[in-house]
Amino acid sequence: MSAVAPPPVSESPLARILDDVRGELTAHGSFPPGLTDFNVERTHRMSRDPLPILLAAYERYGPVFSVRIMHMRQVFMLGPRANHHVLVSHADNFRWRESSFGDLIPLLGDGLLTIDGDYHRRARRIMLPGFHREAIAASAQTMVAEADRALEEWEVGEAIDVYAWTRRLAMRIAMRALLGLDPDDADKGALAAEHFERALAFYGTEYPLRILRGPRTPWRRMQASRGVLDEIVYAEIARRRTGSGSGRGDVLSMLLEATDEEGARLSDREVRDQATTLMFAGHDTTTSTISFLLYELARHPHALARVVAEQDRVLGGRSPGPAELHSQLPELAMALDETLRLYPAAWIGPRRAVEGFELEGRHVPAGAYVNYCSWASHRLPEVFPEPEAFVPERFSPDRRAALPKGAYVPFGGGSRTCIGMRFGQMEIKAIVTRLLQRFHPELKPGRTMTVRQMPTLSPRGGMPMLVRERLGAEETVVGSLASET
Ligand code: HEM
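Quick caveat, the model's predicted, so the values are computed rather than measured.

S.K.: Sorry if this is basic, but what is going on with the sheet that holds strand 13 (residues 464-469) here?
M.R.: In any sheet, the strands associate via hydrogen bonds between backbone groups, in a parallel or an antiparallel arrangement. Taken together, three strands build an open sheet; the order of strands is 5-13-10 and the sheet is antiparallel. Edge strands, defined here as strands with exactly one partner in the open sheet, are strand 5 (159-161) and strand 10 (439-443). Across this sheet, the average inter-strand angle for adjacent strands is 40°, counted without regard to direction. Set on the sheet, helix 8 (residues 162-179) makes contact with strand 5, strand 10 and strand 13; between it and strand 5 the angle comes to about 55°.

Encoded structure:
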């Protein structure tokens, strides 16, 4: 199959803004109705708290509507049918690279998140075996060992920012399981981790600062960190190519060894782009989900008690293995699914429409910026009654099977479903299991959590929690209720 890398995308913000404005002016056919006036306050609110705006627009205009954000008219598509249209039935009509995913190219290059068509299909086919259940099983041990090591820091009675703690831990796991680097090696793993975090920070910066260029701008800092990271990753690729350190069972080895059906391998540049993309796509998402899961379990003693009882029954104090993490902890799995319903970390799926189309009685023109939104779709009361409530039983096998197609999409869907889904789920379950086997997390009294959504959902200002001694299942409920009064 001939699959060539796509042409580069302009890194000039001005050129891209002009292109967007031109695109809207020359679009054929009307856009769906919605909040289309230029409105600075709405633009600001969309960047801080978009959920109420999207849900109100859905009520008023239906599942397909427009929202002007800064200079751009964006189309939002909510609900099961819209999600299924974008992700599955008409997925080929939507490009990732020409959407705001394109903003990631300066850091990620041409990895899975920023390519389309045959080039994407080839890369995905080469990479997929590396994410099969058996292939990632080896990482379970790394995840458990790193979780145990990180839990050594915890002491009963202390307060801990669970979000910051998980971030450090997830980065160590990524270094070992994805890149095969030692996170304690100051010249490699630790340096790569530090610069990866710095480069990531660029994408959490407010848009007006992100478009600045020149010395001492966030852009320049991101470029500098990318340079350091690339040096480490390319050196590691070269080392593996010469035979030293290959076949180690990490994802980088898999990328280096994988071939397509004609026997062709990924080039060094492709391996670098894909490895950086995997780190990017997996880091924030996994970290935030662990924090949100612990938050909800701490607020719901009965759900926590079921998870604790299950641990005692299935593991009896032992570390979980890959099979247990995969399917033998259903209470934990349901709590995780419900957490991802309420807080799907990758909350928005940006696309650009290739051809115009009709959906739910609305016309969307060719070239429109289109977004599906799991966060808002998961809060529609006609699909998930009492959408604000944390109810893990919604994901019992029967109730899950009864959900309409496209209703629940925390990992996207169709042929581009999150490639790291199993890896991420295993990591979350491994860390949360080890933590709850030893401690009882309690929310700091009086603290309310708000959600930040840039670039992915995360708890604004971290997730401070109090470390308590682990209780048995029954005491978990009694103890938590007592501490509430
Ligand atoms: C809880 C954890 C995670 C969540 C919630 C999550 C969510 C998602 C979502 C929603 C998408 C599709 C985006 C869209 O349709 O626009 C996606 C794609 C992707 N994810 Fe994840 N992800 C998680 C963990 C991971 C991990 C651990 C990795 C890597 C090891 C990863 C790698 C990727 C990649 C490479 C894609 C693009 C796939 C493609 O286009 O073929 N993710 N993820």
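Let's pick the thread back up.
S.K.: I would appreciate a short explanation of the pairing of strand 2 (residues 64-69) in the present structure.
M.R.: Two faces make up the sheet, and in a regular strand the side chains alternate between them. For strand 2, the tally of buried residues reaches five of six residues, placing the bulk of the element in the interior. Note that strand 1 (residues 34-35) and strand 2 share two bridges and pair parallel. Considered in strand 2, the bridge of leucine 35 is made with valine 67. In terms of strand pairing, strand 2 meets strand 3 (residues 72-77) through six bridges, oriented antiparallel.

S.K.: Is there a simple way to think about helix 7 (residues 133-151) in this case?
M.R.: Side chains that are three or four residues apart share a direction in an α-helix, a result of its 3.6 residues per turn. The end-to-end C-alpha separation of helix 7 is 26 Å, in line with the 27 Å expected for 19 residues at 1.5 Å each. Where helix 7 bends most, the angle comes to about 30°, and this point is serine 139. Looking at helix 7, one finds that the buried residues are Ile136, Ser139, Ala140, Met143, Val144, Glu146 and Ala147. At its buried positions, helix 7 is contacted by helix 8, helix 15 (322-327) and helix 19 (421-438).

S.K.: Help me out: how do you make sense of the site of the ligand in this one?
M.R.: Close contacts around the ligand come from 24 residues, with Gly282, Gly349, Gly412, Cys418 and Gly420 the closest. Of all the elements in the fold, those that place two or more residues in the shell around the ligand are helix 13 (268-299) and helix 19. When residues in the shell around the ligand are grouped by element, the largest group, seven residues, is from helix 13. When the residues that make up the shell around the ligand are grouped by side-chain class, the tally is 13 nonpolar, nine polar and two charged.

S.K.: Teacher, can you tell me more about the sheet that holds strand 2 here?
M.R.: Read from one edge of the open sheet, six strands run 1-2-3-9-6-4, paired in mixed fashion. Of all strands in the sheet, those with a lone pairing partner are strand 1 and strand 4 (94-95), marking the two edges. Against the sheet, helix 4 (residues 80-89) contacts strand 2, strand 3, strand 4, strand 6 (348-353) and strand 9 (369-373), and its axis sits at roughly 120° relative to strand 9.

S.K.: Honestly, the environment of aspartate 260 in this entry has me stumped. Any pointers?
M.R.: If you trace the backbone, aspartate 260 turns up in the loop between helix 12 (251-257) and helix 13. Taking the number of C-beta atoms within 10 Å as the measure of exposure, aspartate 260 has 14 and is therefore partly exposed. Spatially, the C-alpha atom of aspartate 260 lies 9.3 Å from that of methionine 127, the residues being 133 residues apart in sequence. Excluding residues within four positions of it along the chain, aspartate 260 makes contact with Arg122, Arg125 and Ile126.

S.K.: What is the right way to read the pairing of strand 9 from this model?
M.R.: The buried fraction of strand 9 amounts to five of the five residues, a majority that puts the element mostly inside the structure. Residue alternation in strand 9 divides its side chains into two sets, Tyr369, Asn371 and Cys373 and Val370 and Tyr372, and both sets are buried. Of the pairings in the sheet, the one linking strand 3 to strand 9 comprises four bridges and is parallel in character. Across the sheet, the residue bridging to phenylalanine 76 is asparagine 371, located in strand 9. Here five bridges tie strand 6 to strand 9, and the two strands are oriented antiparallel to one another. Bridge pairing links arginine 351 to valine 370 in strand 9.

What counts as what
Residues numbered from 1 in each chain as written. Predicted model: local features only at pLDDT ≥ 70, side-chain atom pairs only at ≥ 80, totals over all residues. Pairing = 2+ DSSP bridges. Helix = DSSP H or I, 4+ residues; strand = E, 2+ residues; numbered from the N terminus. Axes fitted to C-alpha atoms, helices over the stretch in contact; angles between N-to-C directions. Contact = placed C-beta atoms within 7 Å. Buried ≥ 20, exposed ≤ 12 C-beta atoms within 10 Å, placed from the backbone. Expected span 1.5 Å × (residues − 1). Bend = angle between axes of the 7 residues up to and from the residue. Near = placed C-beta within 6 Å. Nonpolar A, V, L, I, M, F, W, Y, C, P; charged D, E, K, R; others polar.

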